[in-house]
Every structure is written in structure tokens, then in C-alpha cells.
Amino acid sequence: MKTLLEMRAITKEFPGVKALDTVNLAVQEGEIHAICGENGAGKSTLMKVLSGVYPTGTYDGEIHYDGALAEFADISDSEARGIIIIHQELALVPLLSIAENLFLGNECSRSGIIDWRDTNQRTEALLRKVGLTEPPSAIVDKLGVGKQQLVEIAKALSKEVRLLILDEPTAALSESDSQALLDLMLELKQQGVTQIIISHKLNEVRRVADTVTVIRDGTTVSTMNAAKGEITEDGIVRDMVGRDMADRYPERARRAGEILMEVKGWNVWHPIHAERQMIKDVNMTVRAGEVVGIAGLMGAGRTELAMSIFGRSYGRNISGSLEMNGAPANVDSVSGAIEAGLAYVTEDRKSLGLVLDETIQRNITLANLPEVSRKTILNEARETQVAEKYRAALNIRTPSVFQKVMNLSGGNQQKVVLSKWLFAGPEVLILDEPTRGIDVGAKFEIYGIINELSAQGKGVVMISSEMPELLGMCDRIYVMNEGAFVGELTAEEASQERIMSLIVTE
């Protein structure tokens, strides 16, 4: 098999940080090559070097592509050679049509005038290749995330892609959308498209990858080959974190105390479509020292429930009652919910959980400014002291608390969000997809933080699309479907089969 890509001794430095240290990578033509590693290991940096985001001259080492030395001045250089990268944050223009997005900057034109007939015909052919039946005129903003991901791949195919790089392609997708995308990757492989996938979902890596390269702390650690039976989840995890992780979920003593939060008869209607009831007569309790899970398929209403409880951040015509420590609590606003002892860690940390252009320090104190102020004047020394405390306690990997949050890896960003809400001193912490898009090492650390909170007598509500995570962490699990709770299972009763049977039979 011919080697299509070889990256030799790639070293990339930023001020105070060596992101890549003599990384080597060889990708064979026609294969799917997975790159695995913890957040901050250097995976995305390596792909930015390859695609010309970091141009020749800004790094040490060599890139050999299709048998020749390659020097890319920018991303258009690499695209001209058939190297296309699809980032985790999709690069589509939401208010343009599919056709307009596919050929943006690469328009089908005659004498400077766009040929819409040709554009639409080409779009239809590309959409068929990726399994989409939407018309070329469909507005991208109206598509689900899974279909938008397929539009990105169609866009790559329009540029005659030879090497397709997918950075966390299924991080925001449902199970069915993820499987459809993986199936498409295997089809593209049959068509001769070489692919590199960066993913934390090791079951997906095992399903599609011919070869796996593991990077740790900016250095190549190992390369495994599927044909030789070398690819195992335990082996990948061991090389990623530098140690065996026989138990993915840390042990803790299960000691549930008195009821901290009780929700009774909770009903919520859609904020725009007034006739749609999103949450239907939900009743739930959370006890001191307890981790309570909420399981359900995408669209079951889990996030809508959490946000409506947290200061009515979602929905309209909300009815029902919420008690904290046996007394009615006013949660009609976010500030009221915080004062009542609630905190909500959103599933969308970048848009809703963090101020990306602000420092770690400022983000951590944002939900509890009175604690670092005196007579409305911010005490910056106290703010720094608080940030340093949480930096150490949660092991936030950063040179300084004055670093901007946008420069952190996903796992460290998630720790900043957690720090913010821990500093607010909640009695009940609602975690919505707390480990989405982060690696197994960072996941283990966050599980440890959850266990510490329960040991302190806090109540934790955990929403997760990963059933093994719920089964490994929770004392009780509520099962949700179409806005209603359809079952409640203790840790001893719960299994993936029981949860799914409740969802499909209720």
C-alpha cells in the first residue's frame, strides 16, 4: 500500500508551550487513520500544521505528501492538493442554502455570472453521495446538526478531496446520526478517499479505523494496526493517559441523605410554538450526597427540563412547584435559582457556559461576583486567589489564570465551567452532558469531582447521552421520553437494556 502522507518530526511551539514535539505520522492511501489523545495532546494542532492553518516556516519538521515535500502557505494551498479539513465547529453559513454553501468561493459561473442550473445539478449529485435528500435550496440553518455535518462532507467532495480530515465529527451528533456518518466514512473509503479522524469515542474508532496513532503531551506514543489485531480500547486508553485505567469510573460510597430538591407537577411549553408541550407533569427528587441521572434519546426533553428548572431559562407557561430543603423556592429567574442553591452546567460550554474572550479568572468568579467585591468594587487580588484555588483543586492545565479561556482544551474549558458553579456554592448541581467532547483522562477527573461533591452532601443531577456513564456514576436514573418521565431505576436495577426498553415501550 502506498504512503500518501508522512509527517516527520513535526515540532510546533507557542509562547511558553511546546504543543508538538517531534511528532511522526504516516497515513496509507485509501485507509481510515484515527488520531487519539487527551485534550491538549496536540491532535488538532498537528492537523492545522498539515492543512496550512499553521504555514510552512511556523513549525519544524517536514510534510511529505503524495511522494513529494509539501510546503503549504495557507489552507487554500492544501485544499488545492486535495487535503480538506472539517473542524468540530462547522464552517457553514447558516442563512445560505445548501447549494450556496457547497460552492461558496468556488462558484459555478460563466462570464462572471453564477450558473444556478449547473450549481443545483452538481449539488444534487453531491447530496446523493452523502445520502441527503434535501433540495439544494434548503437553508442550512433549518437542518439538524447531523445533516449539516453531511453537507460539510459534500462540500469537501466538491473540491475533489483526496485526504479528508474529520475533527471530532460525531461529538454533537445523536447515536443514529453518528452511525450514519460512520457508514458514510466507510463508503468513502471504498471510493478511495483517504481519511483521518480525530475522536474521543473509542468504540467508533474501533469500528472504522484501519490504523490508530496515539499522541500524548505533544509526542507520538504508539501506532496500532487493525489488521494485526492491535487496536483495543484498553490499549488506546493506556497510551493516551500513560497508565492503565481498569475502572473508568472511580469508586465512591453511596450514602443518600435527606431530600434537597423536589420538583412536583412540572410542565413546560415551547417558547415559540405555544401549542407544543415540551415537559409533561415531571416529578423528581434529589437527595443530599446523591447522583441522579436522566437518561433519554436526543429530543426527549432533558435539556429543556434542566433549563426550565434553572431560572426558567427555557420555555413558557411553566407550571409546577420546586422545593429546596422542604421549603418553596423562587426559581423564576436565574439569579433566584442561584440564590435558592441551584447551578446548571450547560451542554454548550462555548456558547452558553463561558465568555471565551475573557480570562480563566474572570470566568470562574462570574456567577458569584459579590464574593470577590466590596461595595460593588471588584477585588482583583481576591479574584486571583479564588481562581488559583480552583485551578489547583480541579487541575486546570494552564500557564496562568490570566490565560483566555478560548486558548484552553475542551477538558480544561469544562473544568473552568465547573469551577464557576462550584464557587457559587450550590446545594444541587445540574450537569448537562458534562463530559461531551473531552477525553477519557479528563472524564475521569470530572467523575472524581462529582464524587467529591456527593461526599460533601451536595446533590448532583447528571444528564448524559452515554449510558455507560450514567450506569457507572448514578445512584438512581430517571428515564425520559417525549417530555415525560417513563421510569425510575436504582443503580442495582439499571442496565442499558432496561433503560432502552422503558424508552421504546412507554
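Please read these numbers as outputs of a predicted model, since none were measured by experiment.

Novice: Mind laying out the overall build of the protein chain, listing which residues take part and the relevant values?
Specialist: Summing up its helical and strand segments, the protein chain has 17 helices and 24 strands in all. Computed over its C-alpha atoms, the radius of gyration of the protein chain comes to 24 Å, within 12% of the 23 Å expected for a compact globule of 506 residues. With respect to the principal axes defined by its C-alpha atoms, the protein chain has extents near 70 × 50 × 50 Å. Across the 506 residues that make up the protein chain, the buried fraction comes to 52%. The long-range fraction of contacts in the protein chain, counting pairs at least 24 apart against all pairs at least 6 apart in sequence, stands at 66%. As displayed, the protein chain offers around 22400 Å² of accessible surface, 48% of which is attributable to carbon and sulfur atoms.

Novice: So what about the side chain of Asp-167? Which residues, and what values?
Specialist: As for its placement among the helices and strands, Asp-167 is situated in strand β9 (residues 163-167). Of the polar contacts made by the side chain of Asp-167, one reaches the side chain of Ser-44; its length is 2.9 Å. Residues in contact with Asp-167, not counting those within four places in the same chain, are Ser-44, Ile-86, His-87, Gln-88 and Ile-198.

Novice: Break down the nonpolar core for me, with residues and values.
Specialist: Ranked by size, the top nonpolar core spans 81 residues in total, and within it Trp-266, Met-284, Leu-305, Ile-309, Leu-322, Leu-342 and Leu-429 carry the most contacts. When near neighbours in sequence (up to four residues on either side) are disregarded, Met-284 contacts Met-261, Glu-262, Val-263, Ile-294, Leu-305, Ile-309, Val-461, Tyr-478 and Phe-485. Counting 46 residues, the second largest nonpolar core, distinct from the first, contains Ile-86, Phe-103, Leu-164 and Leu-202.

Novice: Please give an account of the packing of aromatic side chains that cites residues and values.
Specialist: Tallied over the entire structure, the rule returns four aromatic pairs. Judged by centre distance (4.7 Å) and plane angle (15 degrees), the rings of Tyr-478 and Phe-485 are stacked. In terms of burial, Tyr-478 and Phe-485 fall into one category: buried. An aromatic cluster of three or more residues is present, and its members are Phe-310, Tyr-344 and Trp-421. Positioned above the aromatic ring of Tyr-54, the side-chain terminus of Lys-12 is 4.6 Å from the ring centre.

Novice: Tell me what's going on with the side chain of Gln-148, and back it up with residues and numbers.
Specialist: If you trace the backbone, Gln-148 turns up in helix α5 (residues 145-158). Of the polar contacts made by the side chain of Gln-148, one reaches the backbone oxygen of Leu-143; its length is 3.1 Å. Residues in contact with Gln-148, not counting those within four places in the same chain, are Leu-90, Leu-92, Val-140, Asp-141 and Leu-143.

Novice: Would you mind going over the pairing of strand β16 (residues 316-324) in detail, with residue names and values included?
Specialist: Judged from the six bridges that link them, strand β13 (residues 259-269) and β16 form a sheet pairing that is antiparallel. Bridging from a neighbouring strand, Met-261 pairs with Met-324 of β16. In this structure, β16 lies alongside strand β17 (residues 327-328), joined through two bridges in antiparallel fashion. When the bridges of β17 are listed, Glu-323 appears paired with Pro-328. Between β16 and the antiparallel strand that follows it, β17, lie two residues; Asn-325 among them carries a positive phi value of about 55 degrees.

Novice: Pulling in residues and values, what's your account of the domain arrangement of the protein chain?
Specialist: Domain boundaries assigned for the protein chain yield domain 1 (3-245) and domain 2 (258-505). Placing a centre on the C-alpha atoms of domain 1 and another on those of domain 2 gives a separation of 32 Å.

Novice: Which residues make up the environment of Ala-125, and what are the values?
Specialist: Along the polypeptide, Ala-125 turns up in helix α4 (residues 116-130). Ala-125 sits 97 residues away from Gln-28 along the chain, and the two C-alpha atoms are 28 Å apart.

Novice: If you had to explain a nonpolar patch on the surface to someone new, which residues and values would you point to?
Specialist: There is a patch of nonpolar side chains on the surface, built from Val-355, Leu-366 and Leu-369 and spanning about 200 Å² of accessible area. With respect to the helices, strands and loops of the structure, Val-355 is situated in the loop between α11 (349-353) and α12 (360-365).

Novice: Go over the packing of α4 against α5 with me, naming the residues and quoting the values.
Specialist: Running from N to C, α4 and α5 cross one another at 120 degrees; their axes reach a closest spacing of 9 Å. With respect to α5, the element α4 is oriented oblique. Judged by the sense of rotation from one axis to the other, the crossing of α4 with α5 is right-handed. Residue-level inspection shows Leu-126, Leu-127, Lys-129 and Val-130 of α4 in contact with α5, the latter providing Leu-150, Ile-153, Ala-154, Leu-157 and Ser-158. Taken together, the residues of the contact of α4 with α5 sort by class into seven nonpolar, one polar and one charged.

Novice: Break down the sheet that holds strand β22 (residues 459-463) for me, citing the residues and quoting the values.
Specialist: The sheet built from six strands is open, its strands ordered β18-β21-β22-β15-β23-β24 with mixed pairing. Only two strands of the sheet have a single neighbouring strand rather than two, namely β18 (342-345) and β24 (484-490). The average undirected angle you get between the axes of adjacent strands in this sheet is 20 degrees. Where strand β15 (residues 291-295) and β22 come together, four bridges link them in parallel fashion. Bridge pairing in β22 links Ile-294 to Ile-463. Sheet contacts for helix α14 (residues 410-423): β18 and β21 (428-432); angle to β18, the most-contacted strand, approximately 170 degrees.

Novice: If you had to explain the sheet that holds β16 to someone new, which residues and values would you point to?
Specialist: Pairing is antiparallel in the open sheet, where four strands are placed in the order β14-β13-β16-β17. Unpaired on one side and paired on the other, β14 (277-287) and β17 mark the two borders of the sheet. The sheet contacts of helix α9 (residues 302-309) involve β13, β14 and β16, and relative to β14 the element is tilted by about 70 degrees.

Novice: If you had to explain the packing of α5 against helix α6 (residues 175-190) to someone new, which residues and values would you point to?
Specialist: To characterise two packed helices, one gives the angle between the axes of the helices and the distance between these axes. α6 packs onto α5 with a crossing angle of 15 degrees between their chain directions and a minimal axis gap of 9 Å. Taken together, the axes of α5 and α6 are roughly parallel relative to one another. With respect to the hand of their crossing, α5 and α6 are arranged in right-handed fashion. Taken together, the residues of α6 that come into contact with α5 (itself represented by Gly-146, Gln-149, Leu-150, Ile-153 and Leu-157) are Asp-177, Leu-181, Leu-184 and Leu-188. Of the residues in the contact of α5 with α6, the class split is six nonpolar, two polar and one charged.

Novice: Tell me about the pattern of salt bridges, residues and numbers included.
Specialist: In the structure shown here, the tally under the stated rule is 22 salt bridges. The residue Glu-6 makes a salt bridge to Arg-8 at a minimum N-O spacing of 3.3 Å. We classify Glu-6 as partly exposed; its relative accessible area is 29%. Taking the relative accessible area as the measure of exposure, Arg-8 reaches 34% and is therefore partly exposed. We note a salt bridge from Glu-134 to Lys-147, for which the minimum N-O separation is 2.6 Å. Of this pair, Glu-134 sits in the loop between α4 and α5 while Lys-147 sits in helix α5, placing them 13 residues apart in sequence.

Analysis parameters
- Residues numbered from 1 in each chain as written.
- Predicted model: local features only at pLDDT ≥ 70, side-chain atom pairs only at ≥ 80, totals over all residues.
- Heavy atoms only, no water.
- Helix = DSSP H or I, 4+ residues; strand = E, 2+ residues; numbered from the N terminus.
- Rg over C-alpha atoms; globule rule 2.2 N^0.38 Å.
- Buried < 20%, exposed > 50% of the residue type's maximum accessible area, 1.4 Å probe, protein only.
- Contact = heavy atoms within 4.5 Å.
- Areas by Shrake-Rupley, 256 points an atom, 1.4 Å probe, with all protein chains shown as cover.
- Polar contact = N/O pair within 3.5 Å; in protein donor to acceptor, adjacent residues only side chain to side chain.
- Core = buried A, V, L, I, M, F, W, Y, C linked by side-chain atoms within 4.5 Å.
- Phe/Tyr/Trp six-rings, centres within 6.5 Å; stacked < 30°, edge-to-face > 60°.
- Lys NZ or Arg CZ within 6 Å of the ring centre and 35° of its normal.
- Pairing = 2+ DSSP bridges.
- Domains from an automatic or database assignment.
- Patch = residues over 30% accessible without salt bridge, like charges linked within 9 Å, V, L, I, M, F, W, Y side chains within 5 Å.
- Salt bridge = Lys/Arg side-chain N within 4 Å of Asp/Glu carboxyl O.
- Axes fitted to C-alpha atoms, helices over the stretch in contact; angles between N-to-C directions.
- Parallel < 35°, antiparallel > 145°, perpendicular 65-115°, else oblique.
- Left-handed = near helix turned anticlockwise from the far one by under 90°.
- Nonpolar A, V, L, I, M, F, W, Y, C, P; charged D, E, K, R; others polar.

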